[in-house]
Amino acid sequence: MTEVRVMTGNDKPPSFDDFDARLAKMNKGPDARKGSGSGAKNSGWGQGLQAGIEILTGVGVGALIGYGLDSWFGTRPWLSIVLFVLGGAAGLLNAYRHLQQTANTKDEP
């Protein structure tokens, strides 16, 4: 069980060394993760979801910036269209880079 300390006027808080020791003890347990990532992030679903989010974010940000600039400059719909396409291209490029990086790290022993 965990110990609960109630501080009174003369008590000092525990030192960072105590915290570091307890944290190291917890990380050495049987449930400690090995490697930098596990679970859904390295699964096919996680990779597909990440790539989809990259694309949607690029398209959405491009469209919003284009709409805002169109409203400001009065050039509707030209900047919205151009930045929508550029945002989609940027999202596809980010998704491609992410999937390439993932493929390269899976190939390493």
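The structure presented is a predicted model; accordingly, all values stated were derived computationally and were not measured. (Residues numbered from 1 in each chain as written. Predicted model: local features only at pLDDT ≥ 70, side-chain atom pairs only at ≥ 80, totals over all residues. Heavy atoms only, no water.)

1. Regarding the overall build of the protein
Operational definition: Under the scheme used here, helices are H or I runs from DSSP no shorter than 4 residues and strands are E runs no shorter than 2 residues, and both carry numbers assigned from the N terminus. The buried label goes to any residue with under 20% of its type's maximum accessible area, the exposed label to any with over 50%, and the partly exposed label to all in between, with areas taken from a 1.4 Å probe on protein chains only. Any two residues having at least one pair of non-hydrogen atoms within 4.5 Å are treated as being in contact. For the area figures, the Shrake-Rupley method with a 1.4 Å probe applies, and any residue is considered shielded solely by the protein chains shown.
When you go through the protein residue by residue, the secondary structure sums to three helices and zero strands. Going from the N terminus to the C terminus, the protein shows its helices and strands as α-α-α. Looking at the protein as a whole, 13% of its 109 residues are labelled buried. Sequence separation of 24 or more characterises 47% of the internal contacts of the protein that already satisfy a separation of 6 or more. Entry remark: accessible area of the protein is about 9400 Å², with carbon and sulfur atoms responsible for 64%.

2. Structural notes on the environment of Ala95
Within the element layout of this structure, Ala95 appears in helix α3 (residues 78–107). When near neighbours in sequence (up to four residues on either side) are disregarded, Ala95 contacts Ala51, Glu54 and Ile55.

3. Quick word on the pattern of salt bridges
Note the cut-off: Salt bridge criterion: a side-chain nitrogen from Lys or Arg within 4 Å of a carboxyl oxygen from Asp or Glu.
Under the criterion given, the structure shown has one salt bridge. Across the pair Asp18 and Arg22 runs a salt bridge whose closest N-O atoms are separated by 3.6 Å. One end of the pair is Asp18 and the other is Arg22, both in helix α1 (residues 16–27) and four residues apart, which spans about a single turn. Residue classification places Arg22 among the partly exposed positions, given a relative accessible area of 46%.

4. Comments concerning the environment of Thr105
Note the cut-off: The term polar contact refers here to a pair of N or O atoms within 3.5 Å; inside protein, the definition further demands a hydrogen-donor-capable atom paired with an acceptor-capable atom, and it admits residues adjacent in sequence only when both atoms are side-chain atoms.
Inspection of the secondary structure assignment puts Thr105 in helix α3. Residue Thr105 is classed as partly exposed on the basis of its relative accessible area of 47%. Here the side chain of Thr105 touches Thr102 through a polar contact of 2.9 Å, landing on its backbone oxygen.

5. Concerning the confidence of the model for the protein
Convention followed: The predictor's confidence in any single residue is recorded as pLDDT, a number from 0 to 100.
Residues of the protein with pLDDT of at least 70 account for 76%, and the chain-wide mean is 84. At the level of individual helices and strands, the protein shows its lowest average pLDDT in α1, which scores 85, and its highest in helix α2 (residues 44–73), which scores 95.

6. Some thoughts on the packing of aromatic side chains
Note the threshold: In this scheme Phe, Tyr and Trp rings, the latter by its six-membered ring, pair at centre separations within 6.5 Å, and the angle between planes marks the pair as stacked below 30 degrees, edge-to-face above 60, and tilted otherwise.
Taken as a whole, this structure holds one aromatic pair when the rule is applied. Summarising the aromatic geometry, the rings of Trp72 and Phe73 are spaced 5.1 Å apart at their centres and angled 20° between planes, so their arrangement reads as stacked. The residues Trp72 and Phe73 share a single accessibility class, namely exposed.

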